[in-house]
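Topology and contacts: notes
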Amino acid sequence: MSKVFFVTGASRGLGAEIVRAALERGHQVAATARDAAAVAKAYPEEPANLLALTADVTDPAQLRAAVEATVERFGRLDVVVNNAGYGLVGAVEEVSDEAARDLFEVNVFGVINTLKATLPVLRAQRSGHVLNLSSVGGFATAPGVGLYGATKFAVEALSEALQGELAPLGVRVTIVEPGGFRTDFLNPASLRTEPATIADYEAGAGPVRQSMGANDGKQAGDPVKAANAIIDVTEVAEPPLRLQLGADAIARIEAKLDLVRRELEQWKHVALATDL
Ligand code: NAP
């Protein structure tokens, strides 16, 4: 059955592939980006079931206008894909206040802004599906990318809460946790890198700093396959709360689960001794 999608950050990368995959399956798609012209450029064939809209996720008024235009054109809203986001490299202490706040503005408040613009429609319909792009880094972060991980952990927390809040209203929530996918994500066009200003962090954060740049264009993940896997979960009766994408995501998440389980067993006698 044809659905109406609303996708943020649709000018490039995973967002653009999600839009393409949804259009190919006959869905109607509002593809939003900071510059609607960039969306139009990404889909020069301009299919009739595509609506290209300007929406910087840091601008609630633009988002509200984009949602209004979507409902006016397609009559409803079924799937919201919170995809816009970017990465930031630097040891926690090295990241400037401005860079940290800018990152939270897009990766966390951008998601909240989009939710506030779209959820009234989904709640009124008593149906819909919200997909929030987290990351494997939203489940298991690493030295050198702690601030990025913090934004994605925040997305995971609010998504878990939302699932319980929206389930009684017939609205589903899925967190998407990609590993490395070959988009612009690691390219300087998207990735922000803070200068390595504190030599003490060379050992801890240095290896990730180097590997991020070196992996640009070499990621194992195929964005087209990721986009299709994301559309697939919008078509099942019982979508998962979490969808991992990529073998690297599975390995890192399994390692984290094992570590948490091991530490829990080792230390739970302390926790259990603290009740009144
Ligand atoms: P990408 O190729 O760099 O694309 C990022 C998209 O986000 C672009 O369309 C960009 O638009 C948009 N964007 C950035 N800031 C925005 C803003 N303020 N308002 C609206 N759009 C904005 O990266 P990607 O790999 O597709 O990333 C998509 C999502 O997947 C992100 O949330 C990212 O954290 C997550 N993710 C990616 C990977 C990976 O390896 N690729 C792994 C884990 C998670 P402009 O063209 O206007 O800059």
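Refer to the structure printed above.
Position numbers for residues count from 1 along each chain, tracking the sequence in the order it is written. Local features in a predicted model are, by the rule used here, given only for residues with pLDDT of at least 70; side-chain atom pairs are given and counted only at 80 or more, and totals for whole chains, interfaces and linings are based on all residues. Remark: hydrogens and water are excluded; side-chain values derive from all non-hydrogen atoms of the structure.

**Overview of the environment of Leu88**
In this fold, Leu88 is placed in strand S5 (residues 88-89). Taking the C-alpha atoms as reference, Leu88 lies 5.6 Å from Tyr148; in sequence the two are 60 residues apart. Discounting chain neighbours no more than four positions away, the residues touching Leu88 are Val95, Ala99, Leu103, Gly144, Val145, Leu147, Tyr148, Leu191, Arg192 and Glu194. Runs of E in the DSSP output that reach at least two residues are strands. Runs of H or I that reach at least four are helices, and both are numbered from the N terminus. Note on contacts: a residue pair qualifies if any of its non-hydrogen atoms lie within 4.5 Å across the two residues.

**Quick look at the packing of helix H5 (residues 109-125) against helix H6 (residues 146-166)**
Every angle, taken between N-to-C directions, lies between 0 and 180 degrees, and every axis is a line fitted to C-alpha atoms, over only the stretch in contact when it is a helix. One can describe the packing of H5 onto H6 by two numbers: an axis separation of 13 Å at closest approach and a directional angle of 15 degrees. Classified by the angle their axes make, H5 and H6 are roughly parallel. Handedness of the H5/H6 crossing: right-handed. Of H6, the residues touching H5 (which contributes Val111, Ile112, Leu115, Leu119 and Arg123) are Val155, Leu158, Leu162 and Leu166. Between 65 and 115 degrees an angle is taken as roughly perpendicular, under 35 as roughly parallel, over 145 as roughly antiparallel, and anywhere else as oblique. Should the near helix be turned counterclockwise from the far one by less than a right angle, the crossing is left-handed, whereas a clockwise turn marks it as right-handed.

**Comments concerning the pairing of strand S2 (residues 28-33)**
Of all six residues making up S2, five are buried, and the element is well covered by its neighbours. Of the pairings in the sheet, the one linking strand S1 (residues 4-7) to S2 comprises four bridges and is parallel in character. For Val4, the partnering residue across the bridge sits in S2 and is Gln28. Taken together, S1, helix H1 (residues 13-24) and S2 form a β-α-β motif whose crossover is right-handed. Strand direction decides the pairing type here: S2 and strand S3 (residues 50-54), joined by five bridges, are parallel. Exposure is judged per residue with a 1.4 Å probe applied to protein chains only, and the accessible area is read against the type maximum: over 50% gives exposed, under 20% gives buried, and values in between give partly exposed. Any two strands with at least two DSSP bridges between them are considered paired. Handedness of a crossover is defined as follows: orient the strands so they point away from the viewer, and if the path from the first strand over the helix to the second runs clockwise, the crossover is right-handed.

**Focus: the nonpolar core**
Here, nonpolar core refers to any group of buried Ala, Val, Leu, Ile, Met, Phe, Trp, Tyr and Cys residues whose side-chain atoms link them within 4.5 Å. Counting residues in each nonpolar core, the largest one holds 36 residues, and the members touching the most others are Phe6, Leu77, Leu115, Leu119, Leu122 and Leu162. Looking at this core, the elements with two or more residues in it are S1, S3, helix H3 (60-74), helix H4 (97-107), H5, H6 and strand S7 (171-178). The residues contacting Leu119, other than those within four sequence positions of it, are Val130, Leu162 and Leu166. Among the nonpolar cores identified, the runner-up in size contains 30 residues, and Ala10, Leu131, Leu133 and Phe181 belong to it.

**Re the site of the ligand**
Neighbouring residues of the ligand: 26 residues in total, closest Ser11, Arg34, Tyr148, Thr183 and Ser190. Here a nitrogen atom of the ligand sits 3.0 Å away from a polar atom, N or O, in the main chain of Val57. What qualifies as a polar contact is a pair of N or O atoms within 3.5 Å, subject to a donor-acceptor requirement within protein and to the restriction that residues adjacent in sequence count only when both atoms come from side chains. Here Tyr148 contributes a side-chain N or O atom positioned 2.7 Å from an oxygen atom of the ligand. Accessible areas in this description were obtained via Shrake-Rupley with a 1.4 Å probe; residue shielding takes into account the shown protein chains only. In the complex, 94% of the free accessible area of the ligand, which totals 900 Å², lies under the protein chains. Those elements that provide at least two residues to the shell around the ligand are H1 and H6. Looking at the shell around the ligand residue by residue, the class counts come to 10 nonpolar, 11 polar and five charged. Whether a residue is near a molecule or strand depends on its heavy atoms: if one lies within 4 Å, it is near. Each residue gets one of three labels, nonpolar for Ala, Val, Leu, Ile, Met, Phe, Trp, Tyr, Cys and Pro, charged for Asp, Glu, Lys and Arg, and polar for the others, Gly among them.

**Considering the packing of aromatic side chains**
Aromatic rings from Phe, Tyr and Trp, taking only the six-membered ring of Trp, are treated as a pair when their centres fall within 6.5 Å; an angle between ring planes under 30 degrees marks them as stacked, one over 60 as edge-to-face, and anything in between as tilted. Per the counting criterion, the structure on display carries one aromatic pair. Each ring, one from Tyr148 and one from Phe185, has its centre 5.5 Å from the other, and the planes form 55 degrees; the classification is tilted. On the criterion of sequence distance, the pair formed by Tyr148 in helix H6 and Phe185 in the loop between S7 and strand S8 (192-193) is long-range, its members being 37 residues apart. Taking the relative accessible area as the measure of exposure, Tyr148 reaches 11% and is therefore buried. Looking at Arg192, its charged tip hangs above the ring of Tyr86, at a distance of 4.0 Å from the centre. One Lys or Arg, Lys256, reaches over the ring of Phe139 and ends 5.8 Å from the middle of that ring. Any Lys NZ or Arg CZ that is within 6 Å of a ring centre and within 35 degrees of that ring's normal is treated as a charge sitting over the ring.

**Comments concerning the side chain of Lys152**
Relative to the helices and strands, Lys152 is located in helix H6. Buried charge without a partner: Lys152 forms no salt bridge, and the closest opposite charge is Glu156, 8.7 Å away. A polar atom in the side chain of Lys152 sits 2.9 Å from the backbone oxygen of Leu133. With residues near it in sequence (within four places) discarded, Lys152 still touches Asn107, Leu133, Ser134, Ser135, Gly137 and Gly138. Only four residue types enter the tally: Lys and Arg on the positive side, Asp and Glu on the negative side; His and the chain ends are excluded. By definition, a salt bridge exists where a carboxyl oxygen of Asp or Glu is found within 4 Å of a side-chain nitrogen of Lys or Arg.

**Things to note about unusual backbone geometry**
At Glu46, a residue that is not glycine, the phi angle is positive and equals roughly 40 degrees. Structurally, the position occupied by Glu46 is in the loop between helix H2 (36-42) and S3. The exposed category is assigned to Glu46, whose relative accessible area is 57%. One non-glycine residue, Arg126, lies in positive phi territory at about 60 degrees. With respect to the element layout, Arg126 can be found in the loop between H5 and strand S6 (128-133).

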